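Take a look at the letters that make up each chain.
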Amino acid sequence: MNIEHESKKISLSVTLMEYFPLWLKVSLLKIMTLGIYAPWGNQALKSYLYSNAKYNNKLFNTKNQALKVFKTRLILVIWMFALYLIAASVPQYDLVLQLLFLLTLPGFYLTEKKYSLNSIQFDHSESTFTLSLVKFYQSIISPIAVFLLLSTVIFNSEIIDSQFLASIDNKEEPAVFSEDSYLSRTESDILAIDEHARSHSSDHEAHDYWGEDISAEEIDYLDEHEKSHNHGNIALSRLQKYQLANQGNQFLQYALMCILILILWPWLDFKIIEYQVNNTRFLNSRWQLKSSPISLYGLYAKVLFLIAGLLVMSGLVISMLLMGDEGSSPEFWSNALVHGFWLLPLSIIIFAVVMNTLQAWRRQWKLNNLSSEQLTITNSDTYLSNLLLSLSNTLVGLFTLGFAIPWCHLRKYRYQSKHLMVECR
């Protein structure tokens, strides 16, 4: 391909009058088909954008890969349903099946990404992403090994034990070892009580007060009914404490799993991006990622600071609006509960802003760390400008009930093409 040795921008000649009807049709068909039309709709939007993009007076175009994307998603749905049926039939392997499903998701993501990248063409040059799932999983063996190891520790109830719940009735110091743990002691006590009850099943002294004209079935029924009452004693039974502590264990385990996934995700995300970039050829050039997982962790740290900042500002604004001159009186908390429905749209806004910003910053980080044999890519946008763009687009899209989304899309694409320079060496 003959390209002049100078930096040039990718020009995007799209209009809202053309893009909006196409976006509206695609959106309606996605809703009417419950998402089945999504691969073909996304392909139509992508084809429109690429067919109106030029570089060095030459057009981009795309190949239709919608059917392959649909088959990939269909296989994913069948895989989920199969794992669900197996988990329902063999519940003791439910945790293993959940972990297996999580581990297969990166493979499905890269498979769909393969069809998306292989659909791009420019001046008789095709983008080629070579995917080998075996080599990919070999490249991410380190984060997977750490994930499986720590998951085993977390879901081992002999190690993770909700000792704080035992303080309801037991003020002893928490035991470290499984044979001395609260759950083990309680379970042993329950078994001892059941054994004692079975050994004295023939003793009817406790039932004398029922009278002589009552059948054995009625005695059993009344006895069970009597046992079901606490008779004014508000203390939890040992069985109730065991169940409560077990529920506490499950909560702790899944909370720790969420934290583990959040910690390991930037590492896995870097491995996915690295494999994708290093196995892609485009414009007769081989691409490489010149970075490390530490820099991507820094990007995710910025996202966490953004979340913290948005939560703090939202809390301050809500407090100022609801508190007034009442301070922290009961009326303040009553107002907070009455107006609590505002937390839902506020949560949606924060979530949308964070996800859009993360997507923009992740793309910027990727462009800043791309390396090629023949091409040089210069990305001149900044994290702050991307944040402001994502924030304004999110607010406009939400407050217009989604009707301004096409305008937000075109605004974002124009901004990206304006700040992207490509030079052939």
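Before reading on, note that the structure itself is shown above.
Residues numbered from 1 in each chain as written. Predicted model: local features only at pLDDT ≥ 70, side-chain atom pairs only at ≥ 80, totals over all residues. Heavy atoms only, no water.

Asks: I'd like to hear about the overall build of the protein, residue by residue, with values.
Replies: When helices and strands are counted, the protein shows 15 helices and 12 strands. In the protein, which comprises 425 residues, the share counted as buried stands at 33%. By sequence separation, contacts in the protein at least 24 residues apart represent 74% of the contacts at least 6 residues apart. Summed over all atoms, the accessible surface of the protein reaches about 26500 Å², with 65% contributed by carbon and sulfur. (Helix = DSSP H or I, 4+ residues; strand = E, 2+ residues; numbered from the N terminus. Buried < 20%, exposed > 50% of the residue type's maximum accessible area, 1.4 Å probe, protein only. Contact = heavy atoms within 4.5 Å. Areas by Shrake-Rupley, 256 points an atom, 1.4 Å probe, with all protein chains shown as cover.)

Asks: Could you give an account of the sheet that holds strand S7 (residues 128-129), naming the residues involved and the relevant values?
Replies: The 4 strands are arranged S7-S8-S9-S10 in an open sheet whose pairing can be described as antiparallel. Every interior strand has two partners, whereas the edge strands, S7 and strand S10 (370-372), have only one. As paired strands, strand S9 (residues 285-289) and S10 are joined by 3 bridges and run antiparallel to one another. By the bridge assignment, Gln288 is partnered in S10 with Ser371. (Pairing = 2+ DSSP bridges.)

Asks: Tell me about the nonpolar core, and name the residues and values.
Replies: If you look at the biggest cluster of nonpolar residues, it comprises 31 residues, and the most contacted ones within it are Phe282, Leu299 and Trp365. Looking at which element gives the most residues to this core, the answer is helix H13 (residues 343-368), with 8 residues. Sequence-distant contacts of Trp365, that is, excluding residues within four places in its chain, are made with Phe270, Ile273, Leu289, Ser291, Ser292, Ser295, Leu296, Leu299 and Tyr383. Grouped together as the second largest cluster of nonpolar side chains are 17 residues, Phe136, Ile144, Leu268 and Tyr275 included. (Core = buried A, V, L, I, M, F, W, Y, C linked by side-chain atoms within 4.5 Å.)

Asks: Hey, could you go over a nonpolar patch on the surface for me, with residue numbers and the actual values?
Replies: Taken together, Leu344, Ile348, Leu391, Leu395, Leu398 and Phe399 make up a surface patch of nonpolar side chains, about 550 Å² in accessible area. For the nonpolar patch, the elements supplying multiple residues, two or more each, are H13 and helix H14 (383-399). It is H14 that provides the largest number of residues to the nonpolar patch, a total of 4 residues. For Leu391, the location among the structural elements is in helix H14. Here Leu391 falls in the partly exposed class, since its relative accessible area comes to 31%. (Patch = residues over 30% accessible without salt bridge, like charges linked within 9 Å, V, L, I, M, F, W, Y side chains within 5 Å. Salt bridge = Lys/Arg side-chain N within 4 Å of Asp/Glu carboxyl O.)

Asks: Describe the sheet that holds strand S6 (residues 125-126), listing the residues and the values that go with them.
Replies: Within the open sheet, the 5 strands sit side by side as S2-S3-S4-S5-S6. Their pairing is antiparallel. Of all strands in the sheet, those with a lone pairing partner are strand S2 (11-12) and S6, marking the two edges. The sheet contacts of helix H2 (residues 38-51) involve S2, strand S3 (53-55), strand S4 (58-62) and strand S5 (120-122), and relative to S4 the element is tilted by about 170 degrees. (Axes fitted to C-alpha atoms, helices over the stretch in contact; angles between N-to-C directions.)

Asks: Provide a residue-level description of the side chain of Thr62, including the pertinent values.
Replies: Note that Thr62 resides in strand S4. In this structure the side chain of Thr62 is engaged in a polar contact, spanning 2.9 Å, whose partner is the side chain of Ser47. Residues within four places of Thr62 in sequence aside, it is in contact with Gln43, Lys46, Ser47, Tyr50 and Ser119. (Polar contact = N/O pair within 3.5 Å; in protein donor to acceptor, adjacent residues only side chain to side chain.)

Asks: Go over the packing of aromatic side chains with me, naming the residues and quoting the values.
Replies: Taken as a whole, this structure holds 10 aromatic pairs when the rule is applied. Summarising the aromatic geometry, the rings of Tyr50 and Phe60 are spaced 6.1 Å apart at their centres and angled 65 degrees between planes, so their arrangement reads as edge-to-face. Taken as a pair, Tyr50 in helix H2 and Phe60 in strand S4 lie far apart in primary sequence, 10 residues in all. If you follow Lys302 out to its NZ or CZ, it ends over the ring of Tyr383, 4.0 Å from the centre. (Phe/Tyr/Trp six-rings, centres within 6.5 Å; stacked < 30°, edge-to-face > 60°. Lys NZ or Arg CZ within 6 Å of the ring centre and 35° of its normal.)

Asks: I'd love a proper account of unusual backbone geometry, names of residues and values included.
Replies: A negative phi angle is the norm for most residues apart from glycine, just as the trans form is the norm for most peptide bonds. The phi dihedral of Leu34 is positive, around 55 degrees, even though this residue is not glycine. Within the secondary structure, Leu34 sits in the loop between helix H1 (16-32) and H2. With relative accessibility at 78%, the residue Leu34 sits in the exposed group. At Leu401, a residue that is not glycine, the phi angle is positive and equals roughly 60 degrees. Looking at where Leu401 falls in the secondary structure, it is placed in the loop between H14 and helix H15 (405-418).

Asks: Break down the environment of Lys46 for me, citing the residues and quoting the values.
Replies: With respect to the secondary-structure elements, Lys46 resides in helix H2. You can call Lys46 buried: its relative accessible area is 16%. Residues Lys46 and Thr62 lie 16 residues apart in sequence; the distance between their C-alpha atoms is 7.8 Å.

Asks: Describe the pairing of S9, listing the residues and the values that go with them.
Replies: Burial of the side chains of S9 is restricted to one face: Ser285, Trp287 and Leu289 are buried, whereas none of Arg286 and Gln288 on the reverse face is. Bridge count for strand S8 (residues 280-282) against S9 is 2 bridges, and the pairing is antiparallel. Its bridge partner being in S9, Arg281 is matched across the sheet by Arg286. Hairpin connection between S8 and S9: a loop of 2 residues separates the two successive antiparallel strands, and Leu283 in this loop has a positive phi of roughly 55 degrees.

Asks: Let's hear about the environment of Ile86: which residues, and what values?
Replies: Structurally, the position occupied by Ile86 is in helix H3 (residues 66-89). Overall, Ile86 belongs to the partly exposed group, its relative accessible area being 42%. The sequence separation of Ile86 and Leu97 amounts to 11 residues, and the corresponding C-alpha distance is 8.2 Å.

Asks: Could you give an account of the packing of H14 against H15, naming the residues involved and the relevant values?
Replies: Where H14 meets H15, the axes come as close as 10 Å, and the angle between the chain directions of the two elements is 165 degrees. On the basis of their axis angle, the class for H14 and H15 is roughly antiparallel. Here H14 and H15 pass one another in a crossing that is right-handed. Mapping the contact onto sequence places Ser385, Asn386, Leu389, Ser392, Asn393, Val396 and Gly397 in H14 and Trp407, Cys408, Arg411, Lys412 and Tyr415 in H15. For the contact of H14 with H15, the per-class residue count stands at 5 nonpolar, 5 polar and 2 charged. (Parallel < 35°, antiparallel > 145°, perpendicular 65-115°, else oblique. Left-handed = near helix turned anticlockwise from the far one by under 90°. Nonpolar A, V, L, I, M, F, W, Y, C, P; charged D, E, K, R; others polar.)

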